[in-house]
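Spelled out, the chains give:
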Amino acid sequence: MNDLIIIGAGTAGLTAAIYGVRAGLSVKIIEKAVYGGQIINTLSIENYPGMPGVNGADFAVALYNQAKSLGVEILYEKIESAALSDDIKSIVTSSGIHQARAVIIATGAAPRKLGIPGEDKWIGRGVAFCATCDAPLYKGKNVAVVGGGNVAISDAVILSGLCRAVTVIHRSSKFESEQMQLEQARAKDNVRFVTDAIVKEIAGDKKVEKIIAESRLSGQVEEIQVDGVFIAIGAEPDNALFAPEIYLDKRGYIVAGEDCLTNVPGVFAAGDTRTKKIRQIVTATADGSVSALAAKEYLSV
């Protein structure tokens with residue numbers, strides 16, 4: 001029996017663990033894969049206050065080491081079911097049942113797919129979701145980046161340093177990325193932008209050879225020769241396991257505000273997994289602290 005179980009060992013989860021232990025709670029983290037979450041795939045974090053240019057993996061390791069030094073127990077187990085409505089929360093994993101009086105769900109979100117022909121077929125063989133991880137595989141080759149947010153533009157900049165040519169394809173003429181980052185990408189001689197276009201298919205014979213894009217304005221179809229496609233159109237949560245106990249919005253995010261409170265007393269949501277406008281590392285750390293202190297308050301009543 002623990003005071004607090006945290007589901008997920010990403011930025012929000014590890015921060016929550018640090019704050020929870022420092023508040024005097026016994027804390028256990030359950031993580032299905034590896035600690036760090038999406039941030040481990042970020043080559044350089046440029047917008048975290050006081051730490052410009054920090055490597056994402058280094059940031060995650062530092063968080064992990066800090067949590068471990070405080071005595072946080074981290075289990076690497078897949079959750080099979082959860083019963084969260086009672087005063088004692090129960091979480092069933094492949095290794096047994098874990099119980100606590102409070103739970104923080106910090107499961108983050110996974111890369112969103114385009115849902116087009118050829119995408120699943122070529123995953124790992126020309127279709128990728130992480131430029132930091134896979135850019136070296138495309139040195140001297142032609143690639144495309146699909147998306148218009150911070151991750152997509154950051155990927156384009158990373159790839160421009162290794163690839164012959166980078167084509168950024170975005171469904172709108174307006175970009176959601178930071179202006180400075182966008183200007184940096186536009187300054188690259190080997191980066192081309194195709195806007196107001198939708199990728200309809202990823203095609204090839206024994207490998208990815210081209211993408212087929214269609215203009216949203218004219219309907220004109222363009223075949224773009226590429227050796228790889230990096231998809232960066234955001235992320236989506238995986239919270240079906242917690243429904244219907246925990247309310248989800250229509251996109252599957254846990255309904256919780258800046259106080260991180262869910263509809264179930266003693267259950268909190270932190271980080272990218274909850275409903276919010278801004279999903280950044282700084283908001284994940286903020287959620288981690290808020291949710292842990294909210295759990296402390298709940299347990300103190």
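You'll find the structure just up there.
Criteria and cut-off values
- Residues numbered from 1 in each chain as written.
- Predicted model: local features only at pLDDT ≥ 70, side-chain atom pairs only at ≥ 80, totals over all residues.
- Heavy atoms only, no water.
- Helix = DSSP H or I, 4+ residues; strand = E, 2+ residues; numbered from the N terminus.
- Buried < 20%, exposed > 50% of the residue type's maximum accessible area, 1.4 Å probe, protein only.
- Contact = heavy atoms within 4.5 Å.
- Areas by Shrake-Rupley, 256 points an atom, 1.4 Å probe, with all protein chains shown as cover.
- Axes fitted to C-alpha atoms, helices over the stretch in contact; angles between N-to-C directions.
- Parallel < 35°, antiparallel > 145°, perpendicular 65-115°, else oblique.
- Left-handed = near helix turned anticlockwise from the far one by under 90°.
- Nonpolar A, V, L, I, M, F, W, Y, C, P; charged D, E, K, R; others polar.
- Expected span 1.5 Å × (residues − 1).
- Arc of directions from axis to C-beta.
- Phe/Tyr/Trp six-rings, centres within 6.5 Å; stacked < 30°, edge-to-face > 60°.
- Lys NZ or Arg CZ within 6 Å of the ring centre and 35° of its normal.
- Pairing = 2+ DSSP bridges.
- Salt bridge = Lys/Arg side-chain N within 4 Å of Asp/Glu carboxyl O.
- Right-handed = clockwise from strand over helix to strand, strands pointing away.

Draft legend 1. Region of interest: the overall build of the chain. A count of helical and extended segments in the chain gives six helices and 17 strands. By the burial criterion, 49% of the 301 residues in the chain qualify as buried. The contacts of the chain with a sequence gap of at least 6 include a subset with a gap of at least 24, amounting to 57%. A total accessible area of about 14,400 Å² is found for the chain, and carbon and sulfur atoms account for 52% of it.

Draft legend 2. Representation of the packing of helix α1 (residues 11-22) against helix α2 (residues 56-69) in the model. Their axes nearest at 9 Å, the elements α1 and α2 cross at an angle of 30°. By the angle between their directions, the pair α1 and α2 is classed as roughly parallel. Handedness of the α1/α2 crossing: left-handed. From α1, Thr11, Leu14, Thr15 and Ile18 reach across to α2, where they touch Phe59, Ala60, Leu63, Tyr64, Gln66 and Ala67. Taken together, the residues that form the contact of α1 with α2 break down as seven nonpolar, three polar and no charged.

Draft legend 3. Broad picture of helix α6 (residues 281-300). For α6, which comprises 20 residues, the first-to-last C-alpha distance of 29 Å matches the rise-based estimate of 28 Å (1.5 Å per residue) to within 8%. Buried within α6 are the following residues: Ile281, Thr283, Ala284, Thr285, Asp287, Gly288, Ser289, Ser291, Ala292, Ala294, Ala295 and Leu299. The inward-facing, buried residues of α6 contact β1 (2-7), α1, α2, β6 (96-105) and β17 (267-269).

Draft legend 4. Structural view of helix α5 (residues 179-186). Those residues of α5 lying buried are Gln181, Leu182 and Ala185. Viewed end-on, α5 has its buried residues packed into an arc of 100°, placing them on one side of the element. At its buried positions, α5 is contacted by α4 (150-160) and β11 (191-194).

Draft legend 5. Structural detail: the packing of aromatic side chains. Taken as a whole, this structure holds five aromatic pairs when the rule is applied. Relative to Phe59, the ring of Tyr48 has its centre 5.2 Å away and its plane inclined at 65°; by these criteria the two rings are edge-to-face. With Tyr48 in the loop between β2 (27-31) and α2 and Phe59 in helix α2, this residue pair connects regions lying 11 residues apart in the sequence. A residue is classified by how much of its surface remains accessible, and Tyr48, at 17% relative accessible area, is buried. Look at Tyr138 and Phe230: their rings are 5.4 Å apart centre to centre, the planes differ by 75°, and that puts the pair in the edge-to-face class. Of this pair, Tyr138 sits in the loop between α3 (131-134) and β9 (142-146) while Phe230 sits in strand β15 (residues 228-231); the two residues are 92 residues apart in sequence, bridging distant segments of the chain. Taking the relative accessible area as the measure of exposure, Tyr138 reaches 8% and is therefore buried. One Lys or Arg, Arg186, reaches over the ring of Phe193 and ends 4.6 Å from the middle of that ring. Sitting above the plane of the Tyr253 ring, Arg279 keeps its charged end 3.9 Å from the centroid.

Draft legend 6. Quick look at the pairing of β11. Inspection of the sheet shows strand β10 (residues 165-169) paired to β11 by four bridges, in the parallel sense. For Val166, the partnering residue across the bridge sits in β11 and is Val191.

Draft legend 7. Looking closely at the pattern of salt bridges. Counting across every chain of the model gives eight salt bridges. Two residues, Lys207 and Asp227, come together in a salt bridge whose shortest N-O distance is 3.4 Å. Note that Lys207 is positioned in the loop between β12 (197-204) and β13 (208-215) and Asp227 in the loop between β14 (221-225) and β15, a separation of 20 residues in sequence. Accessibility expressed as a relative area gives 43% for Lys207, which makes it partly exposed. Asp287 is paired through a salt bridge with Lys276; the nearest N and O atoms lie 2.9 Å apart. Placement of the pair is Asp287 in helix α6 and Lys276 in the loop between β17 and α6, with a sequence separation of 11 residues. Asp287 gets classed as buried once you look at its relative accessible area, which sits at 3%.

Draft legend 8. Inspection of the sheet that holds β13 at higher detail. Taken together, the three strands give an open sheet; going across it, the order is β12-β13-β14, and neighbouring strands pair in antiparallel fashion. With one partner strand each, in any of the chains shown, β12 and β14 form the two edges of the open sheet. Strand-to-strand twist of the sheet, defined as the mean angle between neighbouring strand axes without regard to direction, takes the value 25°.

Draft legend 9. Examining the pairing of β10 more closely. A large share of β10 lies buried, amounting to four of its five residues. Sheet analysis places β9 next to β10, joined by five bridges and oriented parallel. By the bridge assignment, Asn142 is partnered in β10 with Ala165. Read from β9 through α4 to β10, the crossover connection turns out right-handed.

Draft legend 10. Summary view of the packing of α4 against α5. The contact between α4 and α5 brings their axes to 9 Å, and the two run at 30°. Classified by chirality, the crossing of α5 by α4 is left-handed. Packed against α4, whose contacting residues are Asn150, Ile153, Ser154 and Val157, the element α5 presents Gln181, Leu182, Gln184 and Ala185 at the interface. Class assignment for the residues of the contact of α4 with α5 results in four nonpolar, four polar and no charged.

Nothing here speaks to function; it is geometry throughout.
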